[in-house]
Amino acid sequence: MNRKPIDASKPQTMLMEVFGMNRPFALSIVLFSAAAITLAIFWCFHSAPPNVVTITSGPQGSIFEINAEKYAKILKRNGVNLRILPSEGSLENLKRLSDPSVRVDVGFVQGGEIRGVATDNLISLGSLYNEPLLVFYRGVKPLDLLSQFEGKRVAVGPVGSGTQNLALTLLAANGIKPGDATRLLELDSDDAAKAMLDGKIDAAFMMGDSASSNVLRELLHASNIHLFNFTQADAYTRHITYLNKLALPKGSIDFGKGLPPEDVSLLGPTVELIGRANLHPALSDILLEAAHEVHSGPGAFRRQGEFPSPQAHDIRLSNDAIRYYKSGKSFFYRYLPFFMASLVDRIVVVFVPLVLVLVPGLKFVISAYRWRINMIINKWYRALLIIEEDVLTGMTSEHREQLITRLDDIEKLVNKMKVPASFAGQFYELRGHIGFVRNQMMK
């Protein structure tokens, strides 16, 4: 057997000696295993969660921006920086998230904003809170139909805001559309409140997140300014499915003066935390943890523990969010710092399956290789048995020459075989048995 000197320091040499493989096969296994482990290590580090997240929030001073700042403090405790990008409101947030050229990860979006915006690559992390729509109007007598605003001056919120989108939807349901006799003014909450107090407009739509408590008190205290009571709230929620019926109890704004003077029915969508579909699962968990800390307490329009909730409307709830709402944070994130837990989690996700697949796979390949070598050796033994049977049954001189020629051919082919060292015993036994059969023929 023509064999090269073996360097026992090489990994493939150990495989050759222990598992009985030839050099090319052992080298192939070493290279394949090294490539698999290298790819696993690369993926493990490449898939680490980023330490900077960008959120598109809302106008300066809005509840969207205030909540984003609260999130930033919570994420900072876990070593993640939250970059806050101000916006005009929900609609701009949604457009930014759906535009791959804009570098944002998550944003606050009011329900009902998706019309005309591609949302295939977006996911929802759930609803954060109810956002009431407050409609104030001037008059001596209470109004109970939005259609009664026809022909009046109505502030519907600035362009791109969730206020304007919802206001136009509700007015359209009552037959009031832009371009009609009704003047629709694009004013924000502060300007609309000032215009209402100055008598320059007749009605104003405001979202609860954009109207400060001081503005609300000032409007409720003003004479001849009323908060619109949605007596048809149940019908609206059935017609516009992303809206919820909300109750503002008597005295909830000012107990001492009993404001509002009676229970008021309001309408409002929920605000959802929307992200891109490629949002890292670890970031999803930490954002939901921040949402729970910020929004789980009681409020004017929510009960203790009601939010955040797995309630989503037009954008699908992510699988990571579904898992979080069912079982909370994963095991490692409960007991380890964020980035340490992320590293351990990735190691478990990558290397445990790798070991479970690679080790049995290599054992199977090695067993198949050894089975193949044994089959080759057994093939020559079968040929020897056939020749020996012919010898024992008697043979003519011509037949003996044919058997000798066949035996010589077998010996030449066997001598050319390259087998691992672990098969040396079987190899030399085979060569010895070829000599034994040859001796039988010569007797």
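One can find the structure itself at the top, above this paragraph.
The structure presented is a predicted model; accordingly, all values stated were derived computationally and were not measured. (Residues numbered from 1 in each chain as written. Predicted model: local features only at pLDDT ≥ 70, side-chain atom pairs only at ≥ 80, totals over all residues. Heavy atoms only, no water.)

Draft legend 1. Quick peek at the overall build of the protein chain. Scanning the protein chain for helices and strands turns up 14 helices and eleven strands. Every one of the 443 residues in the protein chain was classed for burial, and the buried ones make up 43%. (Helix = DSSP H or I, 4+ residues; strand = E, 2+ residues; numbered from the N terminus. Buried < 20%, exposed > 50% of the residue type's maximum accessible area, 1.4 Å probe, protein only.)

Draft legend 2. Structural detail: the environment of Met-441. When you line up the elements, Met-441 lands in helix H14 (residues 424-442). Judged by relative accessible area, which is 1%, Met-441 ranks as buried. As a C-alpha pair, Met-441 and Glu-388 span 53 residues in sequence and 8.1 Å in three-dimensional space.

Draft legend 3. Broad picture of the packing of helix H13 (residues 397-415) against H14. The interhelical angle for the contact between H13 and H14, taken along N-to-C directions, is 165 degrees, at an axis separation of 11 Å. Considered as vectors, H13 and H14 are oriented roughly antiparallel to each other. Where H13 crosses over H14, the two elements pack in a sense that is left-handed. Residues Arg-400, Leu-403, Ile-404, Leu-407, Asp-408, Ile-410, Glu-411, Val-414 and Asn-415 of H13 pack against Phe-427, Leu-430, Arg-431, Ile-434, Val-437, Arg-438, Met-441 and Met-442 of H14. (Axes fitted to C-alpha atoms, helices over the stretch in contact; angles between N-to-C directions. Parallel < 35°, antiparallel > 145°, perpendicular 65-115°, else oblique. Left-handed = near helix turned anticlockwise from the far one by under 90°. Contact = heavy atoms within 4.5 Å.)

Draft legend 4. Focus on empty space enclosed by the protein. With the rule as written, the count across this model stands at one cavity of 30 Å³ or more. In this structure, the largest cavity encloses a volume near 70 Å³. Lining the largest cavity are Val-109, Gln-110, Gly-111, Gly-112, Glu-113, Ile-114, Glu-272, Ile-274, His-313, Asp-314 and Ile-315. Going through the elements one at a time, strand S3 (106-110) and strand S11 (264-276) are the ones with two or more residues in the lining of the largest cavity. Within the lining of the largest cavity, the residues separate by chemical class into four nonpolar, four polar and three charged. (1 Å grid on protein atoms, 1.4 Å probe; cavity = no way out; pocket = protein on both sides within 12 Å on 5 of 7 lines; lining within 4 Å. Points joined across faces, edges and corners; volume = space filled by probe spheres on them. Nonpolar A, V, L, I, M, F, W, Y, C, P; charged D, E, K, R; others polar.)

Draft legend 5. Molecular detail of the packing of aromatic side chains. Within this structure, the stated rule accounts for ten aromatic pairs. Each ring, one from Phe-64 and one from Phe-108, has its centre 5.5 Å from the other, and the planes form 35 degrees; the classification is tilted. With a gap of 44 residues between them, Phe-64 in helix H3 (residues 63-77) and Phe-108 in strand S3 connect regions that are remote in the sequence. Plain terms: the ring middles of Tyr-137 and Phe-149 are 6.2 Å apart, the flat faces sit at 50 degrees to each other, and that makes the pair tilted. Remark: Phe-149 occurs in the loop between strand S5 (133-138) and strand S6 (153-155) and Tyr-137 occurs in strand S5; sequence separation between them is twelve residues. (Phe/Tyr/Trp six-rings, centres within 6.5 Å; stacked < 30°, edge-to-face > 60°.)

Draft legend 6. Geometry of a nonpolar patch on the surface. Residues Val-348, Val-352, Leu-356 and Val-357 make up a contiguous nonpolar surface patch of roughly 360 Å² in combined accessible area. With respect to the helices and strands, the residue Val-357 is situated in helix H12 (residues 338-392). Residue class for Val-357 comes out exposed when judged on its relative accessible area of 60%. (Patch = residues over 30% accessible without salt bridge, like charges linked within 9 Å, V, L, I, M, F, W, Y side chains within 5 Å. Areas by Shrake-Rupley, 256 points an atom, 1.4 Å probe, with all protein chains shown as cover. Salt bridge = Lys/Arg side-chain N within 4 Å of Asp/Glu carboxyl O.)

Draft legend 7. Summary view of the pairing of strand S8 (residues 203-207). Counting buried positions along S8 yields five of five residues, so the element is predominantly enclosed. Burial along S8 is two-sided: Ala-203, Phe-205 and Met-207 and Ala-204 and Met-206, pointing in opposite directions, are all buried.

Draft legend 8. Local environment of the environment of Ala-203. Along the polypeptide, Ala-203 turns up in strand S8. Classification of Ala-203 by relative accessible area gives buried; the value is 0%. Through-space distance from the C-alpha of Ala-203 to that of Ile-225 is 8.9 Å; in sequence the pair is 22 residues apart.

Draft legend 9. Examining the pattern of salt bridges more closely. If you walk through the whole model with that rule in mind, you get nine salt bridges. The residue Lys-194 makes a salt bridge to Asp-198 at a minimum N-O spacing of 3.1 Å. A cluster of three or more residues bridged by salt bridges with shared partners is formed by Asp-285, Asp-320 and Arg-323.

Draft legend 10. Structural context of the side chain of Thr-119. Here Thr-119 lies in the loop between S3 and strand S4 (122-130). Each residue touching Thr-119, except ones within four places of it in the same chain, is listed here: Ile-114 and Ile-315.

Draft legend 11. Examining the side chain of Glu-272 more closely. The topology assignment puts Glu-272 in strand S11. For the buried Glu-272, no salt bridge is present, and the opposite-charge side chain at shortest range is Arg-316, 11 Å distant. A distance of 2.7 Å separates polar atoms of two side chains, one belonging to Glu-272 and the other to Ser-124. (Lys, Arg positive; Asp, Glu negative; His and termini not counted. Polar contact = N/O pair within 3.5 Å; in protein donor to acceptor, adjacent residues only side chain to side chain.)

Draft legend 12. Highlighting the pairing of strand S1 (residues 52-56). When you tally the buried positions in S1, you get four out of five residues, the bulk of the element. In this structure, S1 lies alongside strand S2 (residues 81-85), joined through five bridges in parallel fashion. When the sheet's bridge partners are listed, Ile-55 is paired in S2 with Ile-84. With H3 bridging S1 and its parallel neighbour S2, the resulting β-α-β unit is right-handed. Summarising the sheet, S1 and S3 pair through two bridges and their orientation is parallel. Bridge pairing in S3 places Ile-55 opposite Val-106. (Pairing = 2+ DSSP bridges. Right-handed = clockwise from strand over helix to strand, strands pointing away.)

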